[in-house]
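What follows is the residue order along each chain.
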Protein chains: 2
Amino acid sequence: MKKIILIVIGLVSFSCFSQSNNLNLMPWPQEIVFGNSNYTIEPNFTIAVNQETNKRIDNATTKFLKRLSGRTGVFIEQGFAYKNSEIENPSLEINFKRIGKLKLNEDESYQLKVSKDKISINASTDIGVIYALETLLQLVTNNESAYFFPEIIINDAPRFPWRGLMMDVARHYQPLDVIKRNLDAMASVKLNVFHWHLTDDQGFRVEINSRPKLHQLGSDGQYYTHDQIKEVVQYASDLGIRVVPEFDIPGHATSWLVAYPEIASKDTIYEIERYSGIFNPTLDPTNDETYEILNDVITEISPLFPDNYFHIGGDENEGKHWDENKKIQAFKIQHGIKNNHELQAYFNIRVQKILEDNGKTMMGWDEIFQPGLPKDVVIHSWRGTEAMLKAAKLGYKTVLSKGYYIDLLESVRLHYTNEPFTDNHGLTDEELKNILGGEATMWSELVTPITIDSRIWPRTAAIAERLWSNKAINDVDNMFKRLEVISSRLEELGITHIRNRDVILRNISNHQNIEALIKLTKVYEPLKIYTRNKGGKKYKTYSPFTLFADACTADASDAIIFNNLTKKYLSGKDANSKKELISILNKWVENDVLFTQLKINPILKNIAPLSKNLAEISQSLISILISEKIKTSQYKILKNQYLEIKKPLADVEFASLNSFKLIIEYYSQKNNLQIDLNNSSIQQ
Amino acid sequence: MKKIILIVIGLVSFSCFSQSNNLNLMPWPQEIVFGNSNYTIEPNFTIAVNQETNKRIDNATTKFLKRLSGRTGVFIEQGFAYKNSEIENPSLEINFKRIGKLKLNEDESYQLKVSKDKISINASTDIGVIYALETLLQLVTNNESAYFFPEIIINDAPRFPWRGLMMDVARHYQPLDVIKRNLDAMASVKLNVFHWHLTDDQGFRVEINSRPKLHQLGSDGQYYTHDQIKEVVQYASDLGIRVVPEFDIPGHATSWLVAYPEIASKDTIYEIERYSGIFNPTLDPTNDETYEILNDVITEISPLFPDNYFHIGGDENEGKHWDENKKIQAFKIQHGIKNNHELQAYFNIRVQKILEDNGKTMMGWDEIFQPGLPKDVVIHSWRGTEAMLKAAKLGYKTVLSKGYYIDLLESVRLHYTNEPFTDNHGLTDEELKNILGGEATMWSELVTPITIDSRIWPRTAAIAERLWSNKAINDVDNMFKRLEVISSRLEELGITHIRNRDVILRNISNHQNIEALIKLTKVYEPLKIYTRNKGGKKYKTYSPFTLFADACTADASDAIIFNNLTKKYLSGKDANSKKELISILNKWVENDVLFTQLKINPILKNIAPLSKNLAEISQSLISILISEKIKTSQYKILKNQYLEIKKPLADVEFASLNSFKLIIEYYSQKNNLQIDLNNSSIQQ
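Residues numbered from 1 in each chain as written. Chains lettered and ligands numbered in written order. Predicted model: local features only at pLDDT ≥ 70, side-chain atom pairs only at ≥ 80, totals over all residues. Heavy atoms only, no water.

Structural notes on the overall build of chain A
Stage number 1. The helix and strand tally for chain A stands at 25 helices and 20 strands.
Stage number 2. Its C-alpha radius of gyration of 27 Å places chain A within 12% of the 26 Å reference for a compact globule of 684 residues.
Stage number 3. On the principal axes, the C-alpha backbone points of chain A span a range of 80 × 75 × 50 Å.
Stage number 4. Residues classed as buried in chain A amount to 62% of the 684 residues present.
Stage number 5. Residue pairs at least 24 apart in sequence account for 76% of intrachain contacts in chain A once pairs closer than 6 positions are excluded.
Stage number 6. Surface exposure of chain A reaches about 25800 Å², of which carbon and sulfur atoms provide 50%.
Stage number 7. Averaging the coordinates of the 80 positive side-chain charges in chain A and doing the same for the 85 negative ones gives two points 5 Å apart. (Helix = DSSP H or I, 4+ residues; strand = E, 2+ residues; numbered from the N terminus. Rg over C-alpha atoms; globule rule 2.2 N^0.38 Å. Buried < 20%, exposed > 50% of the residue type's maximum accessible area, 1.4 Å probe, protein only. Contact = heavy atoms within 4.5 Å. Areas by Shrake-Rupley, 256 points an atom, 1.4 Å probe, with all protein chains shown as cover. Lys, Arg positive; Asp, Glu negative; His and termini not counted. Charge placed at Lys NZ, Arg CZ, Asp CG, Glu CD.)

Pasting the structure below:
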């Protein structure tokens, strides 16, 4: 490595680095030194490990060789790692000091060196080795005749110790293969906490032998057995991932009350909830039996989850059934409990005691926070950063999810720029350490095993970078460029976000040519935030999630291209971007020709306007861009077309709407036309 | 149902029936009466069951509603079946008499009636109900405005009681999700036996607590726990599918001997086999410890598999290590055992005794057959039908797999026309009953979880029809037409045969546009029989199966179209088929233009000739078809082109080769040219 370019983030700016290489690493490492040579991947590639191999390293090296061989087509002769003593001059030498513990602040650092004839990984723990192997796989490059690793030295370690993905398996049960492939994907972007949201109004997903009615009556038969939980925890452990279970109480508890109405705050018959939203069924915090059942559940479940932390949810309890219950009201008076917040605090403290008896540290959403809690309780912030900062100030550990709600289907740009250390946080350096990291949250009201991957990925990879990499790594365009490649690597790991789009489109088209539909998924995005299922009453848990909106994703790719071009064109008016805009608009016009060749069925009939509306307004925009003017005669038609494509339809929205608006406004201004696109009246 | 057309197979010919409807049922039912009306699928669709629901019916009805809703997009309000007493006038009324037993010759019949305002299913057992629900889902039809079931009466029952799929999980381990989705697919085409090939030279895939070295040393950590086996058996049971385990002995046993070399026939060190083929490691039939271990294994495993039958393999033991072992030779002399076949018979009888003690009936491949065996032993025929007929004649039950070897990647036509009752079988009607049915065999030397589905499906659906439907249902063209639709329904069930093609193509193209590659998969087929891995030494178990050949399948669709057109053209010379042939050839020429736009990597470089060769010979054929002659000057070039495209490359072969040959021969004959395409010498 003779000529090296030293790039240390913080010393040399990111934009400089981004010009100096075309690597698609994510999360971006802390420190990189580039070389000029390559290590070519040949069939005689071998790995040697410096220790008696353990399961984690066995797994990681075997999978590494398989993925390397699968991607490059190189028939690697040796499918498993050697011990150092068994082989001389291995291609890749792995050295680590000890087996990493799955606990907060474990050493996850590694050093990776690639030279022309040798690769080495050095790490304190086997967990560091796993991360180094993932980085190495991201480095695979090729020319026409070979695959190789570029010469490089990487020194890397995470910025935050808590980098999580929460998966809600209560609203929609997710089988083990879904969880396993997502754990693989998590490890590939160095996430280290799987937060498993196991119970909610819509389902109780864990076998509880001491209280079997819970899973028997609360799950529609869709729950994890003890052995399956052990399997998941072991699988995660092999990847260096901690598993934090969540049992959401005292609200979000309908499924508990189906089994045990006697511990409900209201005397009624409970059925598993089929809708989405905030519901009133709540555990009775004044009933000792409540704590007996909780004690049974926690005591039975705790050994299955070796992690220190146990999440009790605690969110969105509005206390309606508490207010309606005279016994509970009397209890409050008797105990001097002034309001429902204090009553929940009373509940939390009793639950915390049970957790403590089982060696667990309590964690919960924002709502559980109150100054009287033991100082080791972790506050999980979802509503805003205010509570998080307040808690951190008071010495409580916190984890951020506000801004990482991937179920809302917002742009990755938003999540990527959601910096945990907000401006004006007002915390000392020591207090900042209380912010442990963050978690992407995959609430599953509107996802099934078919679609969940496309809601998690690839956006969660960008969140992983936010939590791992230096704060200065924040160039959105560069992130988008790398994310596209990372997205394809996720497919290699079994993530179905790309392939299942086509599965859905084939379904809705009765297996006709789906080209026109694919094109539409690149400009339409699912309705965001909670608009798709406003009021929670459109979709039941068993409604079809096999429709056009389910094939669409955030960050519709052609729309992004169009939006970038529009920005470029309107700022510079260069002829080239105009030409490109027209070319895209033409494709949207042509796409409707393709669409209309499809044999129509009721589902296609429903989405046909998406294609037609787009074609019509695109045609208008082409003529405007070519003539560089809006004729007065066009005005009414254009506004109509704009208002049509603005309407959400079939649970999707047009993702270049604002660009269309900008183009129209630009030319109307230029032509001195008064077009008010915000006014939905079509009258001229 | 006023105007009905009575179609009873056997009375009315198949060709008549096939003209009279466009239903895509598979396997085709025994008896169909068509009506003229429809039952429209609306959100208020409900199911009622006449009994306290059992798990099998709960599962089947819940999944039915989900699939119906998912496919049609109809938001069905009720996601679960009612009991009869809970609802009046359900859309679908299900009546059955008893819970079916998972045993040979259980009643699997059903009657399904659809009228304008009511659907009913009647069956003796819940298994019959499951089949009726699958038939009903195959009936879903649509026009532009609605989805509906056509009015119909179906009376149905299987022709053979044993309709199986064997899956080899030893050569390549298959995780539970692969097995479960394939069980779903099996049920959808009314297959009822999952034959689970659990051990072989390349892996011992079952946890054996009494002899833990077996799974610890023999599986690379890839084995099924007892709980996972129970999970699979339960999952299969819920679908009406029996599970028959196979432990292949005394040959194919390397993985046993890795753990217990002391029961090997040769004193050596054993390692898990990484190649494919027939290997010599064999259990020692003269060693009592062999039977002790077998007794431990069988005794521990038998309760996990409630089925009566237990498959001991028994195939391909060539006895080399027996011949080399002096102790075994002495044993043979001492016991008057004349040859290795008799020695294996001695072994089988001792194993049979262990099975009998565990309440199991023995089953094994051809080689185990000898007249001295107990009469309940089942002979599984794989080498030819001769042994099967001989065994059946002698009163032994037999199952046919010869002709159903789907791993060989031959055309579905071959499997579909593989009638178990061969011509000149020489059996009485009573003896014919000994032929229980058949099994498709998925040997897994060359498949992984990514590709296994595309090797099993859709061809196995045609085998399922052979085993279920009337012998007279054998119109190959009609089968092809229906199979295309059934194939899409298999995707709905989670089968990955369609989606994973694109996953592989994206992988080999570095996620470029895969259109050109898709086109190539429609004309190239993986090398058949054992030619891809001749000698078993090209591929190891961990070699890449993520390459172009793995994206290709039997029955390449565009090649089939071209071949049919060629036949039509050469028999009739009609201008229209000529035009169509030229149009296809033109697309193959154009496809190479698309291919050459790809950024080349080593994998694409390797397959580039597939595209180029096809384009070049297509161009020549276009000019021949247009001019209707082969010019003498073209001859050498054409023959060269033919010989080029004839060569297997990248493990695939061109699937319209014979059509090309026929066209060239036709015109060379017509032009009085002497072209010998079989002679690979290019000299003119």
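Focus: the relation of the copies chain A and chain B
Stage number 1. Its rotation angle being 180°, the transformation that places chain A on chain B also includes 0.0 Å of axial translation and leaves an RMSD of 0.0 Å. Such a combination of rotation and displacement between the chain copies is what one expects of a two-fold axis.
Stage number 2. Both copies contact each other with a shared surface, as 100% of the interface residues of chain A are interface residues in chain B too. (Least-squares fit on C-alpha atoms with pLDDT ≥ 70 in both.)

Quick look at the confidence of the model for chain A
Stage number 1. Taken over all residues, the pLDDT of chain A has a mean of 94, while the share at 70 or more is 96%.
Stage number 2. Complex prediction metrics read pTM 0.96 and ipTM 0.95. (pLDDT = per-residue confidence, 0-100.)

Some words on the side chain of D201 of chain B
All names here are of chain B.
Stage number 1. Looking at where D201 falls in the secondary structure, it is placed in the loop between β11 (193–200) and β12 (203–204).
Stage number 2. A distance of 2.6 Å separates the side chain of D201 from the side chain of T254, its partner in a polar contact.
Stage number 3. Residues in contact with D201, not counting those within four places in the same chain, are H252, A253, T254, S255, I272, E273 and F279. (Polar contact = N/O pair within 3.5 Å; in protein donor to acceptor, adjacent residues only side chain to side chain.)

Some points on the domain arrangement of chain A
Stage number 1. Taken domain by domain, chain A consists of domain 1 (2–156), domain 2 (163–500) and domain 3 (514–525 + 556–683).
Stage number 2. A separation of 40 Å is found between the C-alpha centroids of domain 2 of chain A and domain 3 of chain A. (Domains from an automatic or database assignment.)

Considering the pairing of strand β11 (residues 193–200) of chain A
Successive side chains on a regular strand alternate, one facing one side of the sheet and the next facing the other.
Residues and elements named next belong to chain A.
Stage number 1. The element β11 is largely enclosed, with a buried count of 8 among its 8 residues.
Stage number 2. This β-α-β element, strand β10 (residues 162–168) to helix α4 (residues 176–188) to β11, shows right-handed connectivity.
Stage number 3. Note: β11 against strand β12 (residues 203–204), 2 bridges, orientation antiparallel. Across the sheet, residue D200 finds its bridge partner in β12, namely G203.
Stage number 4. Between β11 and β12, which pair antiparallel and follow one another directly, the connecting turn spans 2 residues. (Right-handed = clockwise from strand over helix to strand, strands pointing away. Pairing = 2+ DSSP bridges.)

A short note on the interface of chain A and chain B
Stage number 1. Counting from both sides, the interface comprises 49 residues of chain A and, opposite them, 49 residues of chain B.
Stage number 2. Across the chain A to chain B interface the summed buried area is about 4100 Å²; carbon plus sulfur atoms make up 53%.
Stage number 3. When the buried surface of chain A facing chain B is broken down by residue, F75, E144 and Y542 of chain A rank first, second and third, together holding 15% of it.
Stage number 4. Scanning the region where chain A abuts chain B turns up 2 salt bridges.
Stage number 5. Among the ionic pairs, E491 of chain B bridges to R506 of chain A, the shortest N-O distance being 2.7 Å.
Stage number 6. At the boundary of chain A and chain B, one finds 18 residue pairs in polar contact (both at pLDDT 80 or more). (Buried area = accessible area lost by both parts, 1.4 Å probe. Salt bridge = Lys/Arg side-chain N within 4 Å of Asp/Glu carboxyl O.)

Describing the nonpolar core
Across soluble globular proteins, you tend to see nonpolar side chains buried next to one another.
Stage number 1. Counting residues in hydrophobic clusters, the biggest one holds 190 residues, and the most contacted among them are F45, F64, F149, W196 and W256 of chain A together with Y524 of chain B.
Stage number 2. For this core, the leading source of residues is helix α23 (residues 602–627) of chain B, giving 10 residues.
Stage number 3. Aside from chain neighbours lying at most four places away, what touches Y524 of chain B is F548, C552, T553, A556, L610, L614, I645, V652, E653 and F654 of chain B.
Stage number 4. In this structure, I121, I179, L198 and Y224 of chain B belong to the second largest nonpolar core, which totals 189 residues. (Core = buried A, V, L, I, M, F, W, Y, C linked by side-chain atoms within 4.5 Å.)

A short note on the packing of aromatic side chains
Each aromatic ring pair is described using two quantities: the centre-to-centre distance and the angle formed by the ring planes.
Stage number 1. Scanning the model with the defined rule gives 60 aromatic pairs over all chains in all.
Stage number 2. An angle of 50° between the planes, with centres 6.3 Å apart, marks the rings of F45 of chain B and F149 of chain B as tilted. Within this pair, whereas F45 of chain B is found in the loop between β2 (31–40) and β3 (47–49), its partner F149 of chain B is found in strand β9 (residues 147–156), the two being separated by 104 residues in sequence.
Stage number 3. When the centroid spacing of 5.4 Å and the interplanar angle of 80° are considered together, the rings of F369 of chain B and Y396 of chain B count as edge-to-face. With F369 of chain B in the loop between β15 (361–365) and β16 (378–381) and Y396 of chain B in the loop between α12 (385–393) and β17 (397–400), this residue pair connects regions lying 27 residues apart in the sequence.
Stage number 4. What makes Y396 of chain B buried here is its relative accessible area of 0%.
Stage number 5. Directly above the ring of W468 of chain A sits K190 of chain A, whose terminal nitrogen or CZ lies 5.8 Å from the centroid.
Stage number 6. Over the ring of Y275 of chain A we find K537 of chain A; its NZ or CZ atom is 4.1 Å from the centre of that ring. (Phe/Tyr/Trp six-rings, centres within 6.5 Å; stacked < 30°, edge-to-face > 60°. Lys NZ or Arg CZ within 6 Å of the ring centre and 35° of its normal.)

A word on the side chain of R163 of chain B
All names here are of chain B.
Stage number 1. Assignment of secondary structure puts R163 in strand β10 (residues 162–168).
Stage number 2. A distance of 3.3 Å separates polar atoms of two side chains, one belonging to R163 and the other to Y131.
Stage number 3. Ignoring any residue separated from it by four or fewer positions in sequence, one finds R163 in contact with E108, Y131, P158, K190, L191, N192, V193, G438, L467 and W468.

Topic: the packing of helix α21 (residues 557–572) of chain A against helix α25 (residues 657–670) of chain A
Geometry of a packed helix pair, given as the angle between the helix axes and the separation of the axes.
Residues and elements named next belong to chain A.
Stage number 1. Put simply, α21 and α25 touch, their axes get as near as 9 Å, and they point 25° apart. Classified by the angle their axes make, α21 and α25 are roughly parallel. Crossing geometry of α21 relative to α25 is assigned as left-handed. Of α25, the residues touching α21 (which contributes F562, N563, T566, Y569 and L570) are S659, F660, L662, I663, Y666 and Y667.
Stage number 2. Taken together, the residues that form the contact of α21 with α25 break down as 8 nonpolar, 3 polar and no charged. (Axes fitted to C-alpha atoms, helices over the stretch in contact; angles between N-to-C directions. Parallel < 35°, antiparallel > 145°, perpendicular 65-115°, else oblique. Left-handed = near helix turned anticlockwise from the far one by under 90°. Nonpolar A, V, L, I, M, F, W, Y, C, P; charged D, E, K, R; others polar.)

As for unusual backbone geometry
All names here are of chain A.
Stage number 1. Backbone torsion omega between M26 and P27 reads 0°, so that peptide bond is classified as cis.
Stage number 2. Topologically, P27 is positioned in the loop between α1 (14–20) and β2 (31–40).
Stage number 3. One non-glycine residue, H252, lies in positive phi territory at about 50°.
Stage number 4. Tracing the chain through its elements places H252 in the loop between β13 (242–247) and α7 (254–259).
Stage number 5. In this structure, D651 is a non-glycine residue whose phi angle is positive, near 65°.

A look at the environment of A264 of chain B
Residues and elements named next belong to chain B.
Stage number 1. By the secondary structure assignment, A264 is in the loop between α7 (254–259) and α8 (288–301).
Stage number 2. The exposure class of A264 is buried, given its relative accessible area of 9%.
Stage number 3. In this structure the C-alpha to C-alpha distance between A264 and P281, which are 17 residues apart in sequence, comes to 6.9 Å.
Stage number 4. Those residues in contact with A264, other than ones at most four positions away along the chain, are L257, Y270, T282 and D284.

Let's talk about the environment of G128 of chain A
All names here are of chain A.
Stage number 1. In this fold, G128 is placed in helix α3 (residues 126–138).
Stage number 2. Among the residues examined, G128 registers a relative accessible area of 0% and is labelled buried.
Stage number 3. Those residues in contact with G128 that sit more than four places away from it in its chain are E108, S109, Y110 and A123.

A short note on the environment of F369 of chain B
Stage number 1. For F369 of chain B, a relative accessible area of 10% gives the class buried.
Stage number 2. In this structure the C-alpha to C-alpha distance between F369 of chain B and G314 of chain B, which are 55 residues apart in sequence, comes to 9.6 Å.

Points about helix α18 (residues 499–508) of chain A
Residues and elements named next belong to chain A.
Stage number 1. Summarising burial for α18: 10 of the 10 residues are buried, a large majority.
Stage number 2. When α18 is considered as a whole, its buried residues turn out to be R499, N500, R501, D502, V503, I504, L505, R506, N507 and I508.
Stage number 3. Of the residues flanking the end of α18, it is N510, one or two places downstream, whose phi is positive at about 55°.

Regarding the pattern of salt bridges
Residue and element names in this part refer to chain A.
Stage number 1. The full count for this structure, using the stated rule, is 90 salt bridges over all chains.
Stage number 2. Of the charged contacts, one joins D238 and K55 as a salt bridge, the two residues approaching to 2.8 Å between their closest N and O atoms. Highlighted residues: D238 in helix α6 (residues 226–238) and K55 in helix α2 (residues 55–72), separated in sequence by 183 residues.
Stage number 3. The class of D238 is buried, set by a relative accessible area of 10%.
Stage number 4. Residue K55 is classed as partly exposed on the basis of its relative accessible area, which comes to 47%.
Stage number 5. Here K670 and E628 are joined by a salt bridge, their closest N and O atoms 3.4 Å apart. Of this pair, K670 sits in helix α25 while E628 sits in the loop between α23 (602–627) and α24 (632–646), placing them 42 residues apart in sequence.
Stage number 6. Several salt bridges share partner residues, and in doing so they unite R67, R71, E134, R489 and E492 into one network.

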